[in-house]
Amino acid sequence: DTEVTQTPKHLVMGMTNKKSLKCEQHMGHRAMYWYKQKAKKPPELMFVYSYEKLSINESVPSRFSPECPNSSLLNLHLHALQPEDSALYLCASSQEWGSTDTQYFGPGTRLTVL
Amino acid sequence: GDSVTQMEGPVTLSEEAFLTINCTYTATGYPSLFWYVQYPGEGLQLLLKATKADDKGSNKGFEATYRKETTSFHLEKGSVQVSDSAVYFCALPHSGNTPLVFGKGTRLSVIA
């Protein structure tokens, strides 16, 4: 099973709302990732977790707050977002951080900020 | 730094036509190379990969050969179908690590 699941599939929120995106994998992978993808662009890396610890933050604004409660789950907490944050948010996982293992992506959460 | 250059679309083909999407890379050493596909409204799916020079990745009728002499990993399919309409991304690990460096993507439209 090479499945990464993400919820919700779609999310509409106002600029004052607080919401969370969730990602789950049961492949025993120890590296998990958040990407942001704008229309007609490739995904851009936001965060990397390795063994439940944050390894990379690609200078992401603090209104995005990642959390890795255990080795299977990855959350992205959203607060005070801007309309330009509207995008497809993709979660991915791989066996290990720091190797060239295949990354498996979830279906994404399509976020609209009003 | 590591980078990927792929042909920009959109590419429009008739059903059963031959497909080539070019991808070249710049990297230190010989990284693994990947093709991902993104169908409309969906996330990315791994289409195929190659882990060393002269490897050929294949899946769903698509093929790509890792050519170190030309630093290329072109995607080919002999006979495309309408269901192949999607965006295709060539990618490699950045500096040997798992953060992926993606090409800009090539949108393929196949018409019946």
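Comments concerning unusual backbone geometry
No. 1: The omega angle of the peptide bond from T7 of chain A to P8 of chain A is -10°, so this bond is cis rather than trans.
No. 2: Checked against the element boundaries, P8 of chain A lands in the loop between β1 (4-7) and β2 (10-13).
No. 3: The linkage connecting G9 of chain B with the following residue, P10 of chain B, adopts the cis geometry, with an omega of 0°.
No. 4: Relative to the elements of secondary structure, P10 of chain B occurs in the loop between β1 (3-6) and β2 (11-14).
No. 5: Of note, A80 of chain A is a non-glycine position whose phi angle comes to about 60°, a positive value.
No. 6: Position of A80 of chain A relative to the elements: it lies in the loop between β8 (73-79) and β9 (87-94).
No. 7: Taking relative accessible area as the criterion, A80 of chain A reaches 30% and is therefore assigned partly exposed.
No. 8: With a phi close to 75°, E16 of chain B is a non-glycine residue in the positive phi region.
No. 9: Structurally, the position occupied by E16 of chain B is in the loop between β2 and β3 (19-21).
No. 10: Classification of E16 of chain B as exposed rests on a relative accessible area of 61%.

Quick look at the interface of chain A and chain B
No. 1: Taken together, the contact pairs 25 residues of chain A with 21 residues of chain B.
No. 2: Summing the contributions of chain A and of chain B, the shared interface buries around 1600 Å²; its carbon and sulfur component is 57%.
No. 3: When residues of chain A are sorted by the area they lose upon contact with chain B, T100, T102 and F105 of chain A head the list and together hold 30% of the total.
No. 4: On inspection of chain A and its partner chain B, the count reaches zero salt bridges.
No. 5: At the surface where chain A touches chain B, the tally comes to four residue pairs in polar contact (both at pLDDT 80 or more).
No. 6: Every element with two or more residues in the side of chain A that touches chain B is listed here: β4 (31-37) and β9 of chain A.
No. 7: Of the residues assigned to the side of chain A that touches chain B, the class counts are 11 nonpolar, eight polar and six charged.

A word on the sheet that holds strand β7 (residues 64-70) of chain A
Sheet strands associate in pairs through backbone hydrogen bonding, adopting either a parallel or an antiparallel arrangement.
Residue and element names in this part refer to chain A.
No. 1: As summarised here, the arrangement of the four strands in space is β1-β3-β8-β7, forming an open sheet in which the pairing is antiparallel. Sheet topology places β1 and β7 at the edges, where each strand pairs with a single neighbour. Strand-to-strand twist of the sheet, defined as the mean angle between neighbouring strand axes without regard to direction, takes the value 20°.
No. 2: Here β1 pairs with strand β3 (residues 18-25) via four bridges, running antiparallel. Looking across to β3, one finds that V4 is bridged to Q25.

Quick notes on empty space enclosed by the protein
To find the voids left in a structure, one rolls a probe of water-molecule size over its atoms.
All names here are of chain A.
No. 1: This structure, assessed with the given rule, holds one cavity of 30 Å³ or more.
No. 2: Approximately 40 Å³ is the volume attributed to the largest cavity.
No. 3: Looking at the largest cavity, the residues that line it are H29, R30, M32, Y49, S50, Y51, E52, C68, N70 and S71.
No. 4: Mapped by element, the contributors of at least two residues to the lining of the largest cavity are β5 (44-50) and β7.
No. 5: Per-class residue counts for the lining of the largest cavity are four nonpolar, four polar and two charged.

Focus on the sheet that holds strand β7 (residues 56-59) of chain B
Residues and elements named next belong to chain B.
No. 1: Pairing is antiparallel across the open sheet formed by four strands, whose spatial order is β3-β9-β8-β7. Edge positions in the sheet fall to β3 and β7, since each has one partner strand and no second. Mean inter-strand twist for the sheet, computed between neighbouring axes without regard to direction, equals 15°.
No. 2: Pairing between strand β8 (residues 62-65) and strand β9 (residues 75-77): three bridges, direction antiparallel. Residue pairing for β9: E63 is matched across the bridge by E76.

Overview of the nonpolar core
All names here are of chain B.
No. 1: Ranked by size, the top nonpolar core spans 27 residues in total, and within it W35, L47, L48, F73, L75 and Y88 carry the most contacts.
No. 2: Of all the elements in the fold, those that place two or more residues in this core are β2, β3, β4 (23-26), β5 (33-38), β6 (44-50), β8, β10 (86-93) and β12 (106-111).
No. 3: Top contributing element to this core by residue count: β10, with four residues.
No. 4: Apart from the residues lying within four places of it in its own chain, the contact partners of F73 are C23, L33, F34, W35, L48, K49, A50, A64, T65, Y66 and C90.

Cut-off values and rules
Residues numbered from 1 in each chain as written. Chains lettered and ligands numbered in written order. Predicted model: local features only at pLDDT ≥ 70, side-chain atom pairs only at ≥ 80, totals over all residues. Heavy atoms only, no water. Helix = DSSP H or I, 4+ residues; strand = E, 2+ residues; numbered from the N terminus. Buried < 20%, exposed > 50% of the residue type's maximum accessible area, 1.4 Å probe, protein only. Contact = heavy atoms within 4.5 Å. Buried area = accessible area lost by both parts, 1.4 Å probe. Salt bridge = Lys/Arg side-chain N within 4 Å of Asp/Glu carboxyl O. Polar contact = N/O pair within 3.5 Å; in protein donor to acceptor, adjacent residues only side chain to side chain. Nonpolar A, V, L, I, M, F, W, Y, C, P; charged D, E, K, R; others polar. Pairing = 2+ DSSP bridges. Axes fitted to C-alpha atoms, helices over the stretch in contact; angles between N-to-C directions. 1 Å grid on protein atoms, 1.4 Å probe; cavity = no way out; pocket = protein on both sides within 12 Å on 5 of 7 lines; lining within 4 Å. Points joined across faces, edges and corners; volume = space filled by probe spheres on them. Core = buried A, V, L, I, M, F, W, Y, C linked by side-chain atoms within 4.5 Å.

These figures come from the coordinates and say nothing about function on their own.
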